[in-house]
Structures are given as structure tokens and as C-alpha cells.
Amino acid sequence: MTTAGGTLGRAGAHPAPGEAGGRGDVVPGWLEQLTPRQIVAELDRYVVGQHAAKKAVAIALRNRWRRQRLDPVMADEVYPKNILMIGPTGVGKTEIARRLAKLARAPFVKVEASKFTEVGYVGRDVESMVRDLVEVAVAMVREEKRESVRARAAERAEERLLQLLLPAPPTYSGPGFGLGGSYGGAAGEASPAAAGAEPGAETREKLREQLRAGRLDARMVEVEVEEQTMPSFEMVTPQGIEEVGVNLKDMLPGLFGGRSRKRRVTVAEAREILEGQEGDRLIDRQQVAQEARQRVEQAGILFLDEIDKVAGREGGRGPDVSREGVQRDLLPVVEGTTVTTKYGPVKTDHVLFLAAGAFHVAKPSDLIPELQGRFPIRVELEPLTKADFVRILTEPQNALTKQYQALLATEGVSLEFTAEAVDELARLAVEVNSRTENIGARRLSTLMEKLLEEVSFEAPHMDGVHLEVDGAYVRRALEGIVQDHDLSRYVL
């Protein structure tokens, strides 16, 4: 299995029991030591409650590591147990999936199932999500490769920067020089530059010191950059609309690729551009594509949100005529098929699919039976209570209260939330959710933004001010809007 943090195996070659990985690859120690209990503990740092869903995804991640310990024959027969998460919006379905992928350092794509249409209708086909996943994996692998050659790329970029800042002096053009200015002296006689008598060598080294010290970062230089624009075509193909332009570029590089133009930028910007160019030159693109495909096949995670929007059995009429068709198109991808991408064919047999939906109107049983069978694990996420809202505001590392404290601290404002203020915010969130649409924890973002609207506006003029937000402050700022039912529908 391949993840963004390291290679956990190769497609088609699995490690024998007890080995660290296939074909000499080593399973990172951090993943080997990450038990389901530790995975749940890590998810607890960002998502409050929902233990059943965390437990299910933790087991799924651990099973991927276990599969790598099996012999090749058995490993090929072990397929991931896809998970269907059922629960209202704003309770943590997407966040659990996103944090799991980040924890596993695996390629991850979230797609809305309602955006897909049945083959034959205008819209995106379901295989496009696999191509998106491959693009994510390619970016991950490319960044890792760049990191591995960053030191060499920085050295080469530095030499190119010095050449831009202090171009090499022209060679002697006296009698005996041929075309192109090459030295035409007697046989065995070296040119002045080759002889080490370069008059600008000392200046070059002084420039190098200033460059490394950052004293030249504001100076302007001219660098060549590749043109990123290319003709746009819309054409219906088996590979999807988004593939056409890239395929044309690959087939006709002289027409669509290789063009460059000069840009005038600062030395700091030029260093970044040149390091990227040199890093790309040191990377084997074919190897990047191969590793990215293997990473998707062995470690990819696809999150299908709003799966309930394509549930339901149609009678063949109305605007939702393609619902069941989308399900049937999804079925082979979830079952395991080979999808053609511009980086090569990708098998989806061992990609982990996480589906989620509120299922307010439709029920999981409204999905076609074949698709239901491909999501054997179902977990129901509980609606959030007032106690959950209090924990969400205080416990996670990315809690909203901590975010606003950090943001306002950049303006010199010290912000403090009392326990009474947090409790009042939680109470108001529950009240508004019960009276209007229940959007779960997302309601807290609306309330917090309205609560601190004036402070955020005046913060540049409040340097050194300490602001304590208590229960009275919260009620004064929000109670009127909450009580006005019509206003709360539009403001909160």
C-alpha cells in the first residue's frame, strides 16, 4: 500500500507475513504502531463524539495495514469493507473522512454524488472521480520527489540566479575564433575562463553570500517560465470532457506545449520559480505517474457525499430520471473496475469508498440492492446536543474559540471566552437549529461570526485591548436576532 508519507507496498506485489513491505518497501513505523484505539484518539482531537463512525473507519484503516502482511494470493482476495455513514448535516461525516485520509497520508477526494449524471446525459461521468483521485496522488508523489531533491534543486537554482545577476563575461573574440565565439587558439591552449582567470569569480562569490543572506531578494531579474494556458475543447469521449485537452497536448507537444515567456520578478520569486523548474528536471515523470497509480490502487479513499440524493426508485419520469442510472454507473467503480486516465489504467478494486448522506427523505434501502451490498458497514451518526456543542467550542485543536483568539491576536487583541459564554452559545445553537433548518455544528460558525462582527471590524484600532466575552455579552449580541424568527431565518 502506498501513502503520501511513504510506500507501503506495490500493486500486484504484497509482502509475505511478517515482512515490512513488498519489493523492498518498508511500512512506516508510525502506521504499524497506529492501532484502531490510537486512530480513534487522533480523530477525537478534531471531531467530537460519533464513536461508532470513528471506530468503523479506524478498523478499515487498520485492515489496510493487515492486508499488507498477507501472502499475495490471500491479499488479492481481501477487499476493503466500504462504509455508509448516515446522519444529518454538520455532525462530522466529512471531517471524519478527511482527517482519516490525512492521518493515513493517502490520496483523498470528496465528491458530491448529486453532481454525476447517467451516461448519455450532459454532466460528469462517475469515472471522473477516479481521475481526480489520480491527480491528487500525482501531486502528492511529485511533492515528495521534489522534497527529496530539494537540496540539489536549490544548488542548481542558485547557480542560475547568479548567472542572471552576474552574466558570465563573453569569451575573447579576437582572431582565430570560430562561429559561436568558441576559443580558437592553439591546440591545448585553454580559454581565459577555463584557465581559472575569470575576473568576476570574486564578485560572484560575494554575490552568492549576499544572495544566501537575503540581501538581494528585492532586486528584479528576468526569468523564463512555461506558458500554462492551452486551447480548451469540449468533446464527449469515453474518458470524459476533462481529458481531451491534455491528450491533445501529449500528442502534439510542438503545437500545445513547450512555449515559454520571460517574466520580470524579484530575486525571492525567481528563486522559488527556478527551484521548481530544477526540481521538475530532476524528477522522473514516468516514475511519478507509476507510483501515483499504485498509491491510488492500494491506499486511495473516495468520499461520496450526498449519496441519498441519488437514492430512490424512479418510474422513468421527471427531472430525476437519471438517479437510478447514476447508481448503476457507480456500481462497477465501487465493485472494482479499470479506469483509463492520462497517467495509465487504474484499478479500483482496493480503493476504500466512504459514502454519506442525511437520508431525511430517502432511506438506505432505496438504493439499488447491488449498491447496498457494496457498502456492508453502516454507521449512524447522532444529532448534536447542547453538551456536544460545548465540547466542540472548547476541546478540538481547531475549535472556533481558539481560531478567533488566534486571528484577533494578530491585531493585538486578547480575547477570552468564559464558560458561561460558551454555554450560552451552545444553547442558542440548539435553539436556532430546532426552529429553523438543523445544520449541526455549522450553526456555531454563523453565531460566532455574528457575535464578533463588531470586534473583527474594529480590531485594527484595538491594539492592546483585553476583551472578555461572557454570557451577558452573548445574549446582548445575539438574543434579539434569535428571538426574531423571521430575522433568524436570514441572518443565522
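Higher on the page you've got the structure.
Given the structure is predicted, the values throughout are model-derived calculations rather than measurements.

**Notes on the nonpolar core**
Within soluble globular proteins, side chains that are nonpolar generally end up buried alongside one another. Ranked by size, the top nonpolar core spans 63 residues in total, and within it Leu354, Met448, Leu451, Leu452 and Val469 carry the most contacts. Leu133, Ala311, Val351 and Leu371 belong to the second largest nonpolar core, which has 40 residues in total.

**Structural notes on helix α6 (residues 128-148)**
Taking 1.5 Å per residue, 21 residues should reach 30 Å; α6 reaches 30 Å between its end C-alpha atoms and fits that length. Within the sequence span of α6, burial applies to Ser128, Met129, Val130, Arg131, Leu133, Val134, Ala137, Val138, Met140, Val141 and Lys145.

**What about the sheet that holds strand β10 (residues 352-357)?**
Within the open sheet, the five strands sit side by side as β4-β7-β10-β3-β11. Their pairing is parallel. Sheet topology places β4 (108-112) and β11 (377-380) at the edges, where each strand pairs with a single neighbour. Direction aside, the axes of adjacent strands within the sheet are offset by 20° on average. Sheet strands in contact with helix α5 (residues 93-104) are β3 (83-86), β4, β7 (301-305) and β10, and its direction is about 170° off that of β7.

**Digging into the pairing of β3**
Residues Ile83 and Met85 of β3 are buried on one face, and the alternating residues Leu84 and Ile86, pointing to the opposite face, are buried as well. Pairing of β3 with β10 involves four bridges; the strand directions are parallel. Note that in β10 the partner of Ile86 across the bridge is Gly357. Across four bridges, β3 lies against β11 in parallel orientation.

**Looking at unusual backbone geometry**
Not every positive phi belongs to a glycine, and Glu306 is a case in point at roughly 55°. As for its placement among the helices and strands, Glu306 is situated in the loop between β7 and α13 (323-335). A positive phi is found at Phe359, a non-glycine position, where the angle reads about 55°. Topologically, Phe359 is positioned in the loop between β10 and α14 (369-373). For Phe359, a relative accessible area of 10% gives the class buried.

Cut-offs and rules
Residues numbered from 1 in each chain as written. Predicted model: local features only at pLDDT ≥ 70, side-chain atom pairs only at ≥ 80, totals over all residues. Heavy atoms only, no water. Core = buried A, V, L, I, M, F, W, Y, C linked by side-chain atoms within 4.5 Å. Buried < 20%, exposed > 50% of the residue type's maximum accessible area, 1.4 Å probe, protein only. Helix = DSSP H or I, 4+ residues; strand = E, 2+ residues; numbered from the N terminus. Expected span 1.5 Å × (residues − 1). Pairing = 2+ DSSP bridges. Axes fitted to C-alpha atoms, helices over the stretch in contact; angles between N-to-C directions. Contact = heavy atoms within 4.5 Å.

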